[in-house]
Amino acid sequence: MSESSFQDDVLNELGDDKLTEIAGLLGTDVGAARETVAETVGAMTGGLQEKADADDDDGVEVRQAFAEVAQPPLEGVATLGGLGGLLSGGMMAGVLAKVSKPVANAVSKKTGIPAATVSRVIELLIPVLLAVFAKRAAAGKGAGAGAATAGGAPASAPGAAPAEGGNLGDLLGQILGGGKK
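Predicted model only: the values in this text are computed from it and were never measured. (Residues numbered from 1 in each chain as written. Predicted model: local features only at pLDDT ≥ 70, side-chain atom pairs only at ≥ 80, totals over all residues. Heavy atoms only, no water.)

S.K.: Can you walk me through the overall build of the protein chain in this structure?
M.R.: Counting its secondary structure elements, the protein chain contains seven helices and zero strands. Helices and strands in the protein chain line up, N terminus first, as α-α-α-α-α-α-α. Residues classed as buried in the protein chain amount to 36% of the 181 residues present. Of the contacts made within the protein chain by residues no fewer than 6 positions apart, 66% connect residues no fewer than 24 positions apart. Accessible surface, the protein chain as shown: approximately 9,200 Å² in total, 56% of it carbon and sulfur. (Helix = DSSP H or I, 4+ residues; strand = E, 2+ residues; numbered from the N terminus. Buried < 20%, exposed > 50% of the residue type's maximum accessible area, 1.4 Å probe, protein only. Contact = heavy atoms within 4.5 Å. Areas by Shrake-Rupley, 256 points an atom, 1.4 Å probe, with all protein chains shown as cover.)

Structure below.
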């Protein structure tokens, strides 16, 4: 249910206009577009979780990107049309772009939709995914999720990266909608 909740958040963030645009791109109806988006989002979040769990350079990059997304925007910047969200999405946008090709290929194999078409859908989804990541990270912080690290030590300053200790696993679970599998 956690993953579908993330997928639901993405679908809600997309709205009817973007879903209709995606349906046109896919040459199908909105219901089929919704299923394709859900499949694609599931594959992307699974790929991100897998990379985040890896003990290599890709894993470090994904963990840093999630930590960056979780940081609050600079004071006063949020009033400039959400510029803070764009700033915090920089590294994550790059990470999403890196996982997009393998995800497009996997979704293509599963659905029969050409990989190039799935790639175009992913291009439309990346800004939406960034928005949902930022909203989920902000909601978790507002709910007191950042009050202490997994070791029980108090969290440091509000802009502290949650990449230390077990707190990153909590962050990934909070943003992606589930813990480790």
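S.K.: How should I be thinking about the pattern of salt bridges in this particular structure?
M.R.: Side chains carrying opposite charge are able to pair once their charged atoms draw close together. The final tally for this structure, using the stated rule, is six salt bridges. A salt bridge links aspartate 58 to lysine 51; the shortest N-O distance between them is 3.4 Å. One salt bridge in this structure joins glutamate 61 and lysine 98, with 2.7 Å as the shortest N-O distance. Here lysine 98 lies in helix α5 (residues 90-111) and glutamate 61 lies in helix α3 (residues 57-70), a separation of 37 residues in the sequence. (Salt bridge = Lys/Arg side-chain N within 4 Å of Asp/Glu carboxyl O.)

S.K.: Looking at this structure, I do not really get the environment of lysine 51. What am I missing?
M.R.: With respect to the element layout, lysine 51 can be found in helix α2 (residues 30-53). For lysine 51, a relative accessible area of 27% translates into the label partly exposed. Considered as a pair, lysine 51 and valine 99 are 48 residues apart in the sequence and their alpha carbons are 9.1 Å apart. The residues contacting lysine 51, other than those within four sequence positions of it, are Asp58, Gly59, Val62 and Val99.

S.K.: What should I look at first to understand α5 in this one?
M.R.: What sets the pattern is the α-helix's 3.6 residues per turn: residues three or four places apart point alike. Its 22 residues place the ends of α5 30 Å apart at the C-alpha level, agreeing with the 32 Å of an ideal helix rising 1.5 Å per residue. Taken from the residues just after α5, glycine 112 is the one with a positive phi, measuring 85°. (Expected span 1.5 Å × (residues − 1).)

S.K.: Help me understand the confidence of the model for the protein chain in this model?
M.R.: Atomic detail in the predicted coordinates should be set aside for any region of low pLDDT. The share of residues in the protein chain with pLDDT of 70 or more is 65%, and the mean pLDDT across the chain is 75. For the protein chain, helix α4 (residues 83-88) is the element with the lowest average pLDDT, namely 44, and α2 is the one with the highest, namely 92. Note that residues 75-88 has pLDDT below 50 and, in this model, eight contacts with residues that lie over four places away or in other chains. Note on residues 142-167: pLDDT is under 50 here. Beyond four places in sequence and across chains, it has 26 contacts. (pLDDT = per-residue confidence, 0-100.)

S.K.: Please clarify how the nonpolar core should be interpreted in this entry.
M.R.: A general trend in soluble globular proteins is that nonpolar side chains are found buried together. Grouped together as the largest cluster of nonpolar side chains are 38 residues, with contacts concentrated most on Val10, Val37, Met92, Leu96, Leu125, Leu129 and Phe133. Of all the secondary-structure elements, those providing two or more residues to this core are α1 (2-26), α2, α3, α5 and α6 (115-142). Here this core takes 11 residues from α6, the largest share from any one element. Not counting the four nearest positions on each side in its chain, leucine 125 is found in contact with Val10, Leu14, Ile22, Val37, Thr40 and Val41. (Core = buried A, V, L, I, M, F, W, Y, C linked by side-chain atoms within 4.5 Å.)

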